[in-house]
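Observations on the model geometry
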Amino acid sequence: MAVLITRPDQRGEQLADMLNKAGIAAIHLPLFTIEPGAELNDLPNKINQLKSGDYVFAVSRHAVDYAAATLKHTGFHWRSDLHYFTVGQRTAAYFAGQSEQCVAYPLAQESSEGLLALPAMSDLSGKSILILRGNGGREFFAQQAAMRGAEVSCVACYQRMPIAYHHAEQTSLCKRAGVNTIVATSMDILTALMDFVPENEHNWLTGCRLITVSRRIAQFAEQAGWKNVIISPRADNQTLLHTLLQSN
């Protein structure tokens, strides 16, 4: 098995290193970098405008990183009278460490759907929810929260910047290396990968085994032509490594 890791930044590098140490060939090919978002300057004011008891939802560790750095730089602090949420255990633990606040997350299903199933989300009348996210991103949670009565606002804390490659050359390199398994941990990564690989190589692409982290992404991949899709229970590197080793 040879694995293509598309996860950006040092987490992608770490997963590739973990696989290589386990005796599995891995190539790290991030398709974009993560940079500070265009709306970070709005963050202190957005947090100040929230009422006591309102909600803050961080969609990822990247959102937490840039938000925490901005608040620290501007002399603001995470308010103790707000409620904080993420969709995953690891992100929740990370957010709690950065903010020194309690952070809730769904135990049963680490997704927007799981978050919306929490009792705290059942009736959002009169609540304001601030979503810390990247540029673009999934609108499902924001739309559902608004339908339940919440006033929703977002801050783009980070943005994805494409990395310039010679697409056909990099695809050929992956094929020559024997890549037959691909790790794609988000919808953005998967769609970027499909755009990246030349159309005449899509039979090779969808013929690879795909490791992803949610049923939603898996269903999208299957509709795009993948036949062998495995869902990792969590998105952290240790769980992804275990999933890859089990599927080897």
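Residues numbered from 1 in each chain as written. Predicted model: local features only at pLDDT ≥ 70, side-chain atom pairs only at ≥ 80, totals over all residues. Heavy atoms only, no water.

With respect to the helices, strands and loops of the structure, A108 is situated in the loop between β6 (103-104) and α5 (112-116). The spatial distance from the C-alpha of A108 to the C-alpha of N180 is 31 Å, given a sequence separation of 72 residues. (Helix = DSSP H or I, 4+ residues; strand = E, 2+ residues; numbered from the N terminus.)

To continue, consider the sheet that holds strand β9 (residues 179-183). Spatially, the five strands line up as an open sheet ordered β2-β1-β9-β10-β11, and their pairing is parallel. Two strands close off the open sheet at either side, each with one partner strand: β2 (25-28) and β11 (229-231). Taking each pair of neighbouring strands and ignoring which way they run, the sheet shows an average axis angle of 25°. Across four bridges, strand β1 (residues 2-5) lies against β2 in parallel orientation. By the bridge assignment, V3 is partnered in β2 with A26. Sheet strands in contact with helix α1 (residues 9-21) are β1, β2 and β9, and its direction is about 165° off that of β2. (Pairing = 2+ DSSP bridges. Axes fitted to C-alpha atoms, helices over the stretch in contact; angles between N-to-C directions. Contact = heavy atoms within 4.5 Å.)

This part is about the pairing of β1. Burial of the side chains of β1 extends over both faces: A2 and L4 are buried on one face and V3 and I5 on the other. Where the polypeptide runs from β1 across α1 and back to β2, its parallel neighbour, the crossover connection is right-handed. Note that β1 and β9 share four bridges and pair parallel. Residue V3 lies in a different strand from β9, and its bridge partner there is T181. (Buried < 20%, exposed > 50% of the residue type's maximum accessible area, 1.4 Å probe, protein only. Right-handed = clockwise from strand over helix to strand, strands pointing away.)

This brings us to the pairing of strand β4 (residues 55-58). Because side chains alternate across β4, one face comprises the buried residues Y55 and F57, and the other comprises V56 and A58, equally buried. Taken together, β4, helix α3 (residues 61-74) and strand β5 (residues 83-85) form a β-α-β motif whose crossover is right-handed. Bridge count for β4 against strand β7 (residues 128-134) is four bridges, and the pairing is parallel. Paired with Y55 across the bridge in β7 is I129.

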